[in-house]
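# Report on the structure
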Amino acid sequence: MKLWIRVFFICLMMTHQNLHAVQVERLYEAEVIAQSGSPEDRVLAIKQALQRVLLRILAGDDILQDDMVKAVLANASDYVSEYQYSLAEAEHQNARLLRVLFNESLLISTFRATTKGLWNEIRPRTLVWLVVEDQNGAHFFDPDKMPEVDWALKKASRQKKIPVLMPMQDLTEKRVLSISDVLSAYSEHLLEVSVRYEVVSTLAGKIVKQGRCWKAEWTLYFDAKIQQWRSPCSSIADVTLSGFQGVYSRLSKVYAAKPESSSIDSIILKVSGIKRVTAVGKVRDYLEKLPMIKTATWLATEGNYNLYRIFYQGEALDLNNMLAVGRVLKSEGRSKQNSKEIKYRFLNN
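Notes on the structure in this doc start here.

### Re the pattern of salt bridges
- If you walk through the whole model with that rule in mind, you get 14 salt bridges.
- Note that Arg 230 and Glu 217 form a salt bridge whose closest N and O atoms lie 3.8 Å from each other. Here Glu 217 lies in strand S12 (residues 213–222) and Arg 230 lies in strand S13 (residues 225–234), a separation of 13 residues in the sequence.
- Since its relative accessible area comes to 41%, Glu 217 is described here as partly exposed.
- The salt bridge involving Lys 340 is made with Asp 265; its shortest N-O contact spans 3.1 Å. Taken together, the residues Lys 340 in the loop between strand S17 (329–334) and strand S18 (341–346) and Asp 265 in strand S14 (residues 264–272) connect sequence positions 75 residues apart.
- Judged by relative accessible area, which is 31%, Asp 265 ranks as partly exposed.
- One network of salt bridges, with partners in common, ties together Glu 29, Glu 82 and Arg 99.

Dropping the structure here:
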């Protein structure tokens with residue numbers, strides 16, 4: 001890469017802010033269409049709303065085939081905290097928009113007995129590079145010029161509760177990144193440009209309009225792995241939802257807390273690379289947002305390391321995998337002197 005491009009990215013990395021994770025809102029709430037205001041249609045709509053919620057909090061394969069999930073959906077109304085019909089008109093005659101809020105604590109306690117993991121509201125942002133192709137050729141996604149695509153992206157993000165970050169596509173970025181970089185099988189350049197956004201996952205997509213339907217190809221870069229899938233020709237809403245479903249399926253398996261059948265254990269985390277006093281609290285706050293970790297307490301300094309005691313629930317291997325996924329901590333290996341100590345380096349002062 002040319003020298004000036006490297007200088008550009010170094011400057012951006014020095015001025016960035018931490019965008020690693022956010023707290024999503026209304027995780028246990030869904031809005032669906034009831035075909036009418038009758039009790040029968042309301043029950044069916046509540047079941048549909050609960051299914052949507054379960055598919056955004058549970059991790060694992062074939063979620064809807066799980067026996068506990070089937071039992072909960074069969075009695076969906078028992079998990080409702082409140083519901084309300086919207087005053088806005090639905091698309092079909094007699095149909096009504098129904099907002100349903102479910103009992104979070106009841107659902108969590110119910111699914112502790114299953115093999116499915118639970119993904120809480122703290123979720124990492126996913127950077128989305130999107131190319132849209134129509135009769136006029138291929139273009140980078142522009143929300144102002146492509147309102148239909150923008151609406152579908154926002155709807156899919158809300159439904160799956162995947163926080164999204166769209167690239168700024170400023171003049172400098174446009175000079176160093178082309179459409180072919182996004183679509184190429186060689187991802188090095190795309191990922192170099194993406195470094196400025198401090199995300200743990202990057203989704204590259206190409207959606208193509210064919211007559212009255214859309215199709216898409218997706219590539220997810222996450223945890224040093226690449227996953228690809230296609231969305232067959234369908235509505236723009238279904239195609240974009242397929243993209244976000246792929247992101248959810250991969251990320252939830254890493255970030256979801258495992259069922260609480262295992263005992264709570266503790267370990268000493270030794271973190272090097274902390275150069276500022278404020279970073280001590282930043283590391284603690286980051287640790288306590290991770291699903292497996294119950295508490296994280298700063299203990300002392302030891303040479304170049306800050307020591308934290310972590311109480312976690314689950315397997316030690318899962319904990320190590322979770323700590324290593326983000327670009328906040330980098331593993332330095334296990335302590336040779338003490339098996340109950342692990343070493344990491346802080347990357348984000």
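### Regarding the environment of Arg 26
- As for its position among the elements, Arg 26 is in the loop between strand S1 (21–23) and strand S2 (29–34).
- Along the sequence, Arg 26 and Phe 102 sit 76 residues apart, while their C-alpha atoms lie 9.9 Å from each other.
- Among all residues touching Arg 26, those that are not within four sequence positions of it are Arg 56 and Lys 161.

### Focus: the state of the cysteines
- Across all of its chains, the model carries one disulfide by this definition.
- In this model, Cys 213 is linked to Cys 233 through a disulfide, with the two sulfur atoms separated by 2.0 Å. The disulfide joining Cys 213 to Cys 233 has a torsion of about 75° about its S-S bond and is therefore right-handed. With Cys 213 in strand S12 and Cys 233 in strand S13, the pair connects residues that are 20 residues apart, well separated along the chain.

### Brief notes about unusual backbone geometry
- In this structure, Arg 26 takes a positive phi of about 55° despite not being glycine.
- Given a relative accessible area of 59%, Arg 26 falls into the exposed group.
- Its identity as a non-glycine residue notwithstanding, Asp 223 has a phi of 55°, on the positive side.
- Given the relative accessible area of 26%, Asp 223 is considered partly exposed.

### So, the layout of surface pockets
- Here the largest pocket is characterised by a volume of approximately 780 Å³.
- For the lining of the largest pocket, the leading source of residues is helix H5 (residues 147–160), giving six residues.
- Along the lines of polarity and charge, the residues of the lining of the largest pocket split into nine nonpolar, four polar and eleven charged.

### With respect to the nonpolar core
- Among the nonpolar cores identified, the biggest contains 31 residues, and Leu 130, Val 132, Val 149, Ile 207, Trp 218, Phe 222 and Tyr 255 are the most heavily contacted of them.
- The element contributing the most residues to this core is helix H9 (residues 236–255), with eight residues.
- Among the nonpolar cores identified, the runner-up in size contains 27 residues, and Leu 27, Ala 49, Leu 50 and Leu 107 belong to it.

### Observations regarding the side chain of Thr 219
- Positionally, Thr 219 belongs in strand S12.
- Look at Thr 219 and you get buried, because its relative accessible area is 11%.
- Setting aside its immediate chain neighbours within four residues, Thr 219 contacts Thr 202, Leu 203, Ala 204, Ile 226, Gln 227 and Gln 228.

### Things to note about the packing of aromatic side chains
- Here the structure, examined in full by the defined rule, presents five aromatic pairs.
- Judged by centre distance (6.2 Å) and plane angle (10°), the ring pair of Trp 119 and Tyr 255 falls under stacked. With a gap of 136 residues between them, Trp 119 in the loop between strand S6 (117–118) and strand S7 (122–124) and Tyr 255 in helix H9 connect regions that are remote in the sequence.
- Summarising the aromatic geometry, the rings of Phe 222 and Tyr 255 are spaced 6.2 Å apart at their centres and angled 40° between planes, so their arrangement reads as tilted. Taken as a pair, Phe 222 in strand S12 and Tyr 255 in helix H9 lie far apart in primary sequence, 33 residues in all.

### Focus: the packing of helix H2 (residues 39–57) against H5
- Between H2 and H5, the shortest axis-to-axis distance is 8 Å and the interhelical angle comes to 80°. If you check the angle between H2 and H5, you find them roughly perpendicular. Only Arg 158, Gln 159 and Lys 160 of H5 make contact with H2, whose side of the interface consists of Arg 52, Leu 55 and Arg 56.

### Comments concerning the packing of helix H3 (residues 67–74) against helix H4 (residues 104–111)
- One way to put it is that H3 packs onto H4 with a least axis distance of 11 Å and a crossing angle of 150°. Regarding H3 and H4, the two cross each other, and that crossing is right-handed. Where H3 approaches H4, its residues Met 68, Val 69 and Val 72 are matched on the opposing element by Leu 107, Thr 110 and Phe 111.
- Its residues assigned to classes, the contact of H3 with H4 comprises five nonpolar, one polar and no charged.

### Here we look at the environment of Gly 137
- Tracing the backbone shows Gly 137 in strand S9 (residues 137–140).
- It is 9.6 Å that separates the C-alpha atoms of Gly 137 and Val 208, two residues lying 71 residues apart in sequence.

Definitions and cut-offs
Residues numbered from 1 in each chain as written. Predicted model: local features only at pLDDT ≥ 70, side-chain atom pairs only at ≥ 80, totals over all residues. Heavy atoms only, no water. Salt bridge = Lys/Arg side-chain N within 4 Å of Asp/Glu carboxyl O. Helix = DSSP H or I, 4+ residues; strand = E, 2+ residues; numbered from the N terminus. Buried < 20%, exposed > 50% of the residue type's maximum accessible area, 1.4 Å probe, protein only. Contact = heavy atoms within 4.5 Å. Disulfide = S-S within 2.5 Å. 1 Å grid on protein atoms, 1.4 Å probe; cavity = no way out; pocket = protein on both sides within 12 Å on 5 of 7 lines; lining within 4 Å. Points joined across faces, edges and corners; volume = space filled by probe spheres on them. Nonpolar A, V, L, I, M, F, W, Y, C, P; charged D, E, K, R; others polar. Core = buried A, V, L, I, M, F, W, Y, C linked by side-chain atoms within 4.5 Å. Phe/Tyr/Trp six-rings, centres within 6.5 Å; stacked < 30°, edge-to-face > 60°. Axes fitted to C-alpha atoms, helices over the stretch in contact; angles between N-to-C directions. Parallel < 35°, antiparallel > 145°, perpendicular 65-115°, else oblique. Left-handed = near helix turned anticlockwise from the far one by under 90°.

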